[in-house]
Amino acid sequence: VALVLEWCEHGSLNQLLQEKHHCLTLLQCLQMASELAHSVYYLHSQDTPLAHPDLTSSNVYITIDFHVKLGGCFPKNVNHTNGYNNDASLEGNILSLAIILNQLLSRSSNDSNITLPSLNELVISMKNSDPDLRPRINDVVRRVDGALKKLQSETFAAVDNMPSSIFETFWS
């Protein structure tokens, strides 16, 4: 069996985060966090939920335009007992995702003081030692996407307040 995949110019997220010459903006980090959360959501939302067996930044690959591709993924079916879903592996993915989000947020050049506190709270809740108290993946996706949309609106509002051309600045 052979797999043909898109070339990921930046290698793994782990490699990208360790390189000193890459300065990632908070917007780029949140976009990657959102794509990663959606990837995990896709696995967890199957009719038979799937858990990624090794969710680490080494198994997250980054394309040339900083999109996320989830690798190392031979998902395991989550056991069902008496119709009850055993969330241990799914909750393990939440903890792993928290570690990756923490790596992303700590590496970004912080261009917003408003977005980070809510995401830091999310990461802390995702690391809860009691797996039953960790948020579900749909909550993680909602909160990461909310922070991304908020940052995008802040960014576009700042652009809207800029002069329409550099010449306006000099000729006004």
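Procedures and definitions
Residue indices follow the written sequence of each chain, beginning from 1 at its first position. Given that this is a predicted model, residues contribute local features only at a pLDDT of at least 70 and side-chain atom pairs are listed and counted only at 80 or more, while totals for whole chains, interfaces and linings are drawn from all residues. Think of the side-chain values as coming from all heavy atoms in the structure, minus any hydrogens and water. To qualify as a helix, a DSSP run of H or I must reach at least 4 residues; to qualify as a strand, a run of E must reach at least 2; elements of each kind are numbered from the N terminus. Per-residue accessibility, obtained with a 1.4 Å probe over protein chains only, is compared with the maximum for each type, and a residue is labelled buried under 20%, exposed over 50%, and partly exposed between these values. Two N or O atoms form a polar contact when they lie within 3.5 Å of each other; inside protein one atom must be a possible hydrogen donor and the other a possible acceptor, and for residues adjacent in sequence the pair counts only when both atoms belong to side chains. Contacts are residue-level and defined by heavy atoms, with any inter-residue pair within 4.5 Å sufficient. One less than the number of residues in a helix, times 1.5 Å, gives the span that helix is expected to have. We call a set of buried residues a nonpolar core when its members are Ala, Val, Leu, Ile, Met, Phe, Trp, Tyr or Cys and they connect through side-chain atoms within 4.5 Å of each other. The predictor's confidence in any single residue is recorded as pLDDT, a number from 0 to 100.

S.K.: How do you make sense of the side chain of Ser57 when you look at a structure like this?
M.R.: As for its placement among the helices and strands, Ser57 is situated in the loop between β1 (50-51) and β2 (60-62). With a relative accessible area of 6%, Ser57 lands in the buried category. Within the local environment of Ser57, its side chain forms a polar contact with the side chain of Gln103, the two groups lying 3.3 Å apart.

S.K.: Even after reading the chapter, I still don't get unusual backbone geometry, so can you show me in this structure?
M.R.: What is expected of a backbone is that most residues other than glycine have negative phi and most peptide bonds are trans. Residue Phe66 is not a glycine yet carries a positive backbone phi of 65°. Tracing the backbone shows Phe66 in the loop between β2 and β3 (68-70).

S.K.: Hey, could you run me through the environment of Leu90 in this one?
M.R.: Tracing the backbone through its elements, the reader meets Leu90 in helix α3 (residues 88-107). C-alpha of Leu90 to C-alpha of Leu50: the two residues are 40 residues apart in sequence and 7.6 Å apart in space.

S.K.: Mind showing me how you'd approach the side chain of Asn59 here?
M.R.: Within the secondary structure, Asn59 is located in the loop between β1 and β2. A residue is classified by how much of its surface remains accessible, and Asn59, at 11% relative accessible area, is buried. Residue contacts for Asn59: discarding those within four places in its chain leaves His52, Asp54, Lys69, Leu70, Gly71 and Gly72.

S.K.: Sorry, what's going on with the environment of Thr63 here?
M.R.: Turning to its location among the elements, Thr63 is positioned in the loop between β2 and β3. Owing to a relative accessible area of 1%, Thr63 belongs among the buried residues under this scheme. Separated by 53 residues in sequence, Thr63 and His10 have C-alpha atoms that sit 6.0 Å apart. Ignoring sequence-local partners within four residues, the contact set of Thr63 consists of Glu6, Cys8, Glu9, His10 and Lys69.

S.K.: Where do I start with helix α2 (residues 26-44) in this structure?
M.R.: Count 3.6 residues to each turn of an α-helix, and residues three or four apart come out pointing the same way. Helix length check: α2, at 19 residues, gives a terminal C-alpha distance of 26 Å against a target of 27 Å (1.5 Å per residue), a fit within 8%. Those residues of α2 that sit buried are Leu26, Cys29, Leu30, Met32, Ala33, Ser34, Leu36, Ala37, Val40, Leu43 and His44.

S.K.: Would you explain the nonpolar core in this entry?
M.R.: Where a protein is soluble and globular, its nonpolar side chains tend to be buried together. Residues Leu13, Leu30, Ile62, Leu97, Met126 and Val140 are the most contacted members of the largest nonpolar core, which totals 36 residues. Elements supplying a minimum of two residues to this core: α1 (13-18), α2, β2, α3, α4 (115-126) and α5 (137-160).

S.K.: What am I meant to see in the confidence of the model for the protein chain here?
M.R.: The predicted coordinates should not be examined in detail at positions where pLDDT is low. Across the protein chain, the average pLDDT comes to 82, with 74% of residues at 70 or higher. Ranking the helices and strands of the protein chain by mean pLDDT puts α2 first, with 95, and strand β6 (residues 84-85) last, with 38. When the criterion is pLDDT under 50, residues 80-88 qualifies, and its contacts beyond four places in sequence or with other chains add up to twelve contacts.

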